Amino acid sequence: MNFRKFLIAQSILIAASSVVFPFYLLLIKNVGDSYSQFGWAYGLFTLTAALTYPIIGRLGDRYGDKKMLLIYTLGTAAVMLLIPLLYEVWQVYMIQTMMGILGAIQKNTEKAFLARNNDNETAGERIGKYHLQISLWSGLGIILTGYLIDFLTIASLFYLISFVYIIASFVIIKRERI
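(A) Structural view of the overall build of the chain. In terms of regular secondary structure, the chain is built from 6 helices and 0 strands. The secondary structure elements of the chain, listed N-terminal to C-terminal, are α-α-α-α-α-α. Computed over its C-alpha atoms, the radius of gyration of the chain comes to 17 Å, within 12% of the 16 Å expected for a compact globule of 178 residues. Taken over the C-alpha atoms alone, the chain extends approximately 50 × 35 × 25 Å along its principal axes.

What follows is the structure, encoded as structure tokens:
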């Protein structure tokens, strides 16, 4: 996978996650009875990610960044389809655990790809441009959601974002021109 394709896929993924994140937090809080349940749910995400980073790093080295990003995109697309169906706290905990693993795959693969595909003399500049682009897409995604949510239900927003994750997987799969 070349840097351009990686950048396009990551821009789509970051924008998609930025779109649903605020609504996902509301959904987590609305399913539970207390802020402590919300804390547990979000804590499970972070702890699961932390515990899986070393394993994911080894898997990424073995199978490659492209396969790891495909696991992330398709796994997250599936999870997005499940989120609107949550109504019990234990279900939120299970989704948070899955999201922790998937989030660790995305973050670890992003950093590994950037480390593997940079010229040491211009690495800072290239990574800076990378973060500029994905941050711009993230901000635009959030702004667009502010307008979209007036016309969609929160559940349909998650279904739409699931589709966007699938589009990102096609960007990753597409062959590079020689």
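Next comes the rest of the description.
(B) Summary view of the packing of aromatic side chains. By the definition in use, this model includes 7 aromatic pairs. Between Phe6 and Phe113, the aromatic rings sit 3.9 Å apart at their centres with planes inclined by 20°, giving stacked as the arrangement. Here Phe113 lies in helix α4 (residues 89-116) and Phe6 lies in helix α1 (residues 3-31), a separation of 107 residues in the sequence. Cluster of aromatic residues (ring-pair linked, three or more members): Phe3, Phe6, Phe113 and Tyr130. Arg126 extends its terminal NZ or CZ atom over the ring of Phe3, reaching a point 3.7 Å from the ring centre.

(C) Quick peek at the confidence of the model for the chain. Residues of the chain with pLDDT of at least 70 account for 97%, and the chain-wide mean is 88. Of all helices and strands in the chain, the one with the weakest mean pLDDT is α1 (82), whereas helix α3 (residues 65-82) scores best (95).

(D) The environment of Ser11, seen in detail. Of note, Ser11 is situated in helix α1. Residues Ser11 and Leu136 lie 125 residues apart in sequence; the distance between their C-alpha atoms is 8.5 Å. Residues within four places of Ser11 in sequence aside, it is in contact with Gln133, Ile134 and Trp137.

(E) View of the nonpolar core. With 31 residues, the main nonpolar core has Tyr24, Met80, Ile83 and Tyr165 as its most contacted residues. Of all elements in the fold, only α1, α2 (35-63), α3, α4 and α6 (154-173) reach the threshold of two or more residues within this core. Looking at this core, the element that brings in the most residues is α1, giving 9 residues. Sequence-distant contacts of Tyr24, defined by excluding residues within four places in its chain, comprise Ile83, Ile95, Gln96, Met99 and Phe158. Within the second largest apolar cluster, 13 residues are counted, among which are Phe3, Leu69, Leu70 and Ile134.

(F) Quick look at a nonpolar patch on the surface. There is a patch of nonpolar side chains on the surface, built from Leu81, Leu82, Leu85, Trp90, Met94, Met98 and Tyr159 and spanning about 700 Å² of accessible area. Considering the arrangement of structural elements, one finds Trp90 in helix α4. Exposure remark for Trp90: the relative accessible area of 55% places this residue in the exposed category.

(G) Here's a closer look at the packing of α2 against α3. At their nearest, the axes of α2 and α3 sit 7 Å apart, and the two run at 125° to each other. By the angle between their axes, α2 is oblique relative to α3. Every residue of α3 that contacts α2 at Ile56, Leu59, Gly60 and Tyr63 is listed here: Asp65, Lys67 and Met68.

What counts, and where the lines are drawn
Residues numbered from 1 in each chain as written. Predicted model: local features only at pLDDT ≥ 70, side-chain atom pairs only at ≥ 80, totals over all residues. Heavy atoms only, no water. Helix = DSSP H or I, 4+ residues; strand = E, 2+ residues; numbered from the N terminus. Rg over C-alpha atoms; globule rule 2.2 N^0.38 Å. Phe/Tyr/Trp six-rings, centres within 6.5 Å; stacked < 30°, edge-to-face > 60°. Lys NZ or Arg CZ within 6 Å of the ring centre and 35° of its normal. pLDDT = per-residue confidence, 0-100. Contact = heavy atoms within 4.5 Å. Core = buried A, V, L, I, M, F, W, Y, C linked by side-chain atoms within 4.5 Å. Buried < 20%, exposed > 50% of the residue type's maximum accessible area, 1.4 Å probe, protein only. Patch = residues over 30% accessible without salt bridge, like charges linked within 9 Å, V, L, I, M, F, W, Y side chains within 5 Å. Areas by Shrake-Rupley, 256 points an atom, 1.4 Å probe, with all protein chains shown as cover. Salt bridge = Lys/Arg side-chain N within 4 Å of Asp/Glu carboxyl O. Axes fitted to C-alpha atoms, helices over the stretch in contact; angles between N-to-C directions. Parallel < 35°, antiparallel > 145°, perpendicular 65-115°, else oblique.

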